[in-house]
Amino acid sequence: MKTQHQFSKTASHEAVKGEFNTCLLLYSGGLDTSVMLKWIQEQYECEVIALTIDLGQTADNLDEIREKALILGAKEAIVYDAKDEFAQLCFEAVQSNADYQGGYALGCPLGRVAISQIAVQVAEQYQCEVVAHGCTGKGNDQVRFEGYMTTLNPEIKIIAPVREWSMGRDEEIEYAEKHKIPVIQKQETPYSYDENMWANTGEGGEIEDPHLIPPLEKILKWCNTPKDAPDEELELIIGYENGVPKTINHMELHPAALIQYLNKVGGEHAVGYFHLIEDRIVGLKVRGVYENPAAHILIQAHKGLEQLVSTREENELKHFMDCKWAYLCYGAKYFEPAMDNIRAFIAKQNEKVTGSVTIRLYKGNCEVVALDSPNSLFDHTLATFNSSDSFNQQASPGFIELWNLPQKSAYQVKKKNEVAALNLMS
């Protein structure tokens, strides 16, 4: 490895060689974390325990990843099934109508919450003083992992090898070959992905440059493009209790299974992928392609049901709270005290979000086409344009006069003052 610069540790939570015995590595099985597994043993002269967390990602063979970690010298290799725990976070996102800057349902930020919580638990269980992650110095995830883990356990220390070394891809491969780390040659692609059951995030290549049109046929992993989607529309009835999705077409499903099913059918119908210009925590503006079909379907349906059972003022305030929840979640502030207050409001508001929503999927479109709830505020006798005695239309003129009074008064005062100013000038 060629060191191009001297890395200087400045934060109190950064681990120092010789001050610990065991490191817990967040291990994906790819080239980067496989090199890290060896590099940490070599550079820090410590034992390494590998932790791989199953958040419902489809691209990984978890048994092979565990075996690879052991071959590379991990003291232990743990595969932790977190699908159920993660699904509960995803359903909090549904209740909060999760949307960061236009279609991103926060799959990666929510995943980092789950991974951080589990990492701290496992580190304590296996007496690991240090946790290592594979994030770069330019991304959001370093902020999330290190912020969350040191919040949950202020005694824990962190290693971020990618920030410390100066290896490019060729040097990583050279290091891997030298240390007999298996290197699987993949078809050359400029795109990189981060996947869990809630979202698949694509970056790199044409995605990075907003001047270019990303070739979606090459990029998308979960979703068809509209031209390749079925010619027949699909209607689904989603049942909610207290804002949490429970059933599809009246059949109750396990949370993870419900999400995975909607990812499948939503992806087939080209629903739920977005190009997004994104403001990162660290100040960069980047573009990504996000695939979150289940999230998009569940959130659209939830929004429709929520609007049906809530007043105008409630819907306005809920939109503000949802936006703040999304920004705090994205911005590595999931455990911020303000989030407890926002969650309390969101939970209370969702107590009446119970009922069923019919969704229509067709060539990229996701429409709410029918709604039903025992808490519906819709009254047909009041809302109908047909003749009805329930709504007293004779009261409308008086209401209009009082409703318009502040606007009317302010406008007249403004007009009077403008005339007076013109007269003074003349």
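Shown above is the structure to which this text applies.
Residues numbered from 1 in each chain as written. Predicted model: local features only at pLDDT ≥ 70, side-chain atom pairs only at ≥ 80, totals over all residues. Heavy atoms only, no water.

(A) A look at the sheet that holds strand β10 (residues 251-252). The strand order across the open sheet formed by five strands is β10-β9-β8-β13-β14, and the pairing between neighbours is antiparallel. Each edge of the sheet is formed by a strand with only one pairing partner; in this case those strands are β10 and β14 (365-372). Note: strand β9 (residues 244-248) against β10, two bridges, orientation antiparallel. Looking at the pairing, Thr 247 lines up with Glu 252 of β10. Against the sheet, helix α10 (residues 293-309) makes contact with β8 (234-241), β9, β13 (355-362) and β14, and its axis sits at roughly 35 degrees relative to β14, the strand it touches most. (Pairing = 2+ DSSP bridges. Helix = DSSP H or I, 4+ residues; strand = E, 2+ residues; numbered from the N terminus. Contact = heavy atoms within 4.5 Å. Axes fitted to C-alpha atoms, helices over the stretch in contact; angles between N-to-C directions.)

(B) Region of interest: the environment of Met 36. Mapped onto the fold, Met 36 is located in helix α1 (residues 31-44). For the pair Met 36 and Asn 375, spaced 339 residues apart in the sequence, the C-alpha separation amounts to 54 Å. If we skip the residues at most four places from it in the chain, Met 36 touches Leu 25, His 133, Gly 134, Pro 161, Val 162 and Trp 165.

(C) Layout of the pattern of salt bridges. The full count for this structure, using the stated rule, is 24 salt bridges. Of the charged contacts in the structure, one is a salt bridge between Arg 343 and Glu 92, with a shortest N-O distance of 3.0 Å. A residue pair is termed long-range when its members are at least 10 positions apart, and Arg 343 in helix α12 (residues 337-349) and Glu 92 in helix α3 (residues 83-95) qualify at 251 residues. Side by side, Arg 343 and Glu 92 carry an identical accessibility label, which is buried. (Salt bridge = Lys/Arg side-chain N within 4 Å of Asp/Glu carboxyl O. Buried < 20%, exposed > 50% of the residue type's maximum accessible area, 1.4 Å probe, protein only.)

(D) Structural view of the sheet that holds strand β4 (residues 130-132). Read across the sheet, five strands follow the order β3-β2-β1-β4-β5 without closing on themselves; strand pairing throughout is parallel. One side of each edge strand has no neighbouring strand; the edge strands of this open sheet are β3 (76-81) and β5 (157-159). Geometrically, the sheet is characterised by an average inter-axis angle of 25 degrees between neighbouring strands, direction not taken into account. Looking at chain direction, β4 and β5 are connected through three bridges and run parallel. Considered in β5, the bridge of Val 130 is made with Lys 157.

(E) How the structure looks around the nonpolar core. Within the largest apolar cluster, 79 residues are counted, with the highest numbers of intra-cluster contacts made by Leu 106, Trp 198, Leu 262 and Trp 325. With ten residues, the top contributor of residues to this core is helix α4 (residues 107-125). Discounting residues that sit within four places of it in the chain, Trp 325 has contacts with Glu 92, Ala 93, Ser 96, Ala 98, Leu 106, Leu 110, Met 339, Ile 342, Arg 343 and Ile 346. (Core = buried A, V, L, I, M, F, W, Y, C linked by side-chain atoms within 4.5 Å.)

(F) Structural context of the pairing of β9. Within β9, four of the five residues are buried, which leaves it mostly tucked inside the rest of the structure. Looking at chain direction, β8 and β9 are connected through four bridges and run antiparallel. Each bridged residue has a counterpart across the sheet, and for Glu 241 the counterpart in β9 is Val 244. Where β9 hands over to β10, the hairpin turn is made up of two residues, of which Asn 249 adopts a positive phi near 50 degrees.

(G) Quick look at the packing of α1 against helix α7 (residues 169-178). With their axes 10 Å apart at the nearest point, α1 and α7 run at an angle of 60 degrees to one another. By the angle class used here, α1 and α7 are oblique. Pair α1 / α7 crosses with left-handed handedness. Every residue of α7 that contacts α1 at Leu 31, Asp 32, Val 35, Lys 38, Trp 39 and Glu 42 is listed here: Arg 169, Glu 172, Ile 173, Tyr 175 and Ala 176. Its residues assigned to classes, the contact of α1 with α7 shows six nonpolar, no polar and five charged. (Parallel < 35°, antiparallel > 145°, perpendicular 65-115°, else oblique. Left-handed = near helix turned anticlockwise from the far one by under 90°. Nonpolar A, V, L, I, M, F, W, Y, C, P; charged D, E, K, R; others polar.)

(H) Inspection of the side chain of Glu 164 at higher detail. Within the secondary structure, Glu 164 is located in helix α6 (residues 161-164). A distance of 2.8 Å separates a polar atom in the side chain of Glu 164 from a polar atom in the side chain of Tyr 44. Apart from the residues lying within four places of it in its own chain, the contact partners of Glu 164 are Phe 7, Lys 9, Trp 39, Tyr 44 and Ile 159. (Polar contact = N/O pair within 3.5 Å; in protein donor to acceptor, adjacent residues only side chain to side chain.)

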